[in-house]
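Spelled out from the first residue to the last, the chains are:
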Amino acid sequence: MSNRTFITPLIAFITIALLTGCNNSYVSTNLDEENFSHYFSASNVKIYQHENEIKTHYQYLGVIEGQDCQIKPHHAAPDEVNARTQARQQAFKQEANGVVFTGCVLLTPQQLSQLNQSNEAQQCHAIVICYAKAFTINHPINKE
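Overview of the structure. Since this is a predicted model, take the numbers as computed values, not measurements.

## Section: the nonpolar core
Looking at soluble globular proteins, one finds that nonpolar side chains tend to be buried together.
Next, step 1: Core analysis: the biggest nonpolar cluster contains 12 residues, these being Val45, Ile64, Ala83, Ala87, Ala91, Ala96, Val99, Phe101, Val128, Cys130, Ala132 and Ala134.
Next, step 2: Looking at this core, the elements with two or more residues in it are α3 (80-93), β3 (98-107) and β4 (126-137).
Next, step 3: With 4 residues, the single largest contributor to this core is β4.
Next, step 4: For alanine 87, the residues in contact, after removing those within four places along its chain, are Ile64, Glu65, Gly66, Phe101 and Cys130.

## A word on the state of the cysteines
Next, step 1: For the structure shown, the criterion picks out 2 disulfides.
Next, step 2: Paired by a disulfide, cysteine 69 and cysteine 124 hold their sulfur atoms 1.9 Å apart. Note on the cysteine 69 and cysteine 124 pair: the S-S dihedral is about -125°, so by sign convention the disulfide is left-handed. Highlighted residues: cysteine 69 in strand β2 (residues 58-70) and cysteine 124 in the loop between α5 (119-122) and β4, separated in sequence by 55 residues.

## Describing the pairing of β3
Next, step 1: Sheet analysis places strand β1 (residues 46-48) next to β3, joined by 3 bridges and oriented parallel. Across the sheet, isoleucine 47 pairs through a bridge with valine 99, a residue of β3.

## Comments concerning α3
One turn of the α-helix equals 3.6 residues, which is why residues spaced by three or four share an orientation.
Next, step 1: The end-to-end C-alpha separation of α3 is 20 Å, in line with the 20 Å expected for 14 residues at 1.5 Å each.
Next, step 2: Along α3, the residues classified as buried are Ala83, Ala87, Arg88, Gln89 and Ala91.
Next, step 3: The backbone nitrogen of valine 81 has a side-chain oxygen 3.3 Å away, supplied by the residue at the start of α3, namely aspartate 79.
Next, step 4: Immediately downstream of α3, the backbone of glutamate 95 shows phi near 65°, a positive value.

## Regarding the sheet that holds β2
Next, step 1: A sheet is described by the order of its strands in space; here 4 strands give the open sequence β1-β3-β4-β2, paired in mixed fashion. For this open sheet the edge positions go to β1 and β2, each flanked by a neighbour on one side alone. When the angles between neighbouring strand axes are averaged without regard to direction, this sheet yields 35°.
Next, step 2: The pairing of β3 with β4 spans 9 bridges and is classified as antiparallel. Each bridged residue has a counterpart across the sheet, and for glycine 98 the counterpart in β4 is phenylalanine 135.

## As for the packing of aromatic side chains
Next, step 1: Taken as a whole, this structure holds 2 aromatic pairs when the rule is applied.
Next, step 2: Centre to centre, the rings of tyrosine 58 and phenylalanine 135 are 5.2 Å apart; their planes meet at 90°, and the pair counts as edge-to-face. Here tyrosine 58 is found in strand β2, whereas its partner phenylalanine 135 is found in strand β4, with 77 residues between them in sequence.
Next, step 3: Judged by relative accessible area, which is 1%, phenylalanine 135 ranks as buried.
Next, step 4: An aromatic cluster of three or more residues is present, and its members are Tyr58, Tyr60 and Phe135.
Next, step 5: Above the ring of phenylalanine 101, the side-chain terminus of arginine 84 is found at 4.0 Å from the ring centroid.

Parameters at a glance
- Residues numbered from 1 in each chain as written.
- Predicted model: local features only at pLDDT ≥ 70, side-chain atom pairs only at ≥ 80, totals over all residues.
- Heavy atoms only, no water.
- Core = buried A, V, L, I, M, F, W, Y, C linked by side-chain atoms within 4.5 Å.
- Buried < 20%, exposed > 50% of the residue type's maximum accessible area, 1.4 Å probe, protein only.
- Helix = DSSP H or I, 4+ residues; strand = E, 2+ residues; numbered from the N terminus.
- Contact = heavy atoms within 4.5 Å.
- Disulfide = S-S within 2.5 Å.
- Pairing = 2+ DSSP bridges.
- Expected span 1.5 Å × (residues − 1).
- Polar contact = N/O pair within 3.5 Å; in protein donor to acceptor, adjacent residues only side chain to side chain.
- Axes fitted to C-alpha atoms, helices over the stretch in contact; angles between N-to-C directions.
- Phe/Tyr/Trp six-rings, centres within 6.5 Å; stacked < 30°, edge-to-face > 60°.
- Lys NZ or Arg CZ within 6 Å of the ring centre and 35° of its normal.

Here you go:
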């Protein structure tokens, strides 16, 4: 038997063994279905400018808030959009599907140093806090 006829099946066997061995390795990622649900939860909460825009029955659930913190002076400034998104995520957790924002406030380092700071605010160089009313809105059934 020649070396060539012996080496070819050996290479094929080694290749199959390696491929089969790799098949048992599972890739681990940080992708989590719950993270996706949380990240996109704000899109399930509609923003209304005023309560009178809600043209169907609704239930007031309470006040919610969202924050965006600038941890260090050289980091990005706190953003109202991020704070409003966080507030909508909080509303979704309370099973709300609509919000009316009542206002946002930027607290600068000087203002934070003058206030009796909470633990969260103490960690921030500056912070934006947005407040909203959360609602469960009954969507009307279209009768055709």
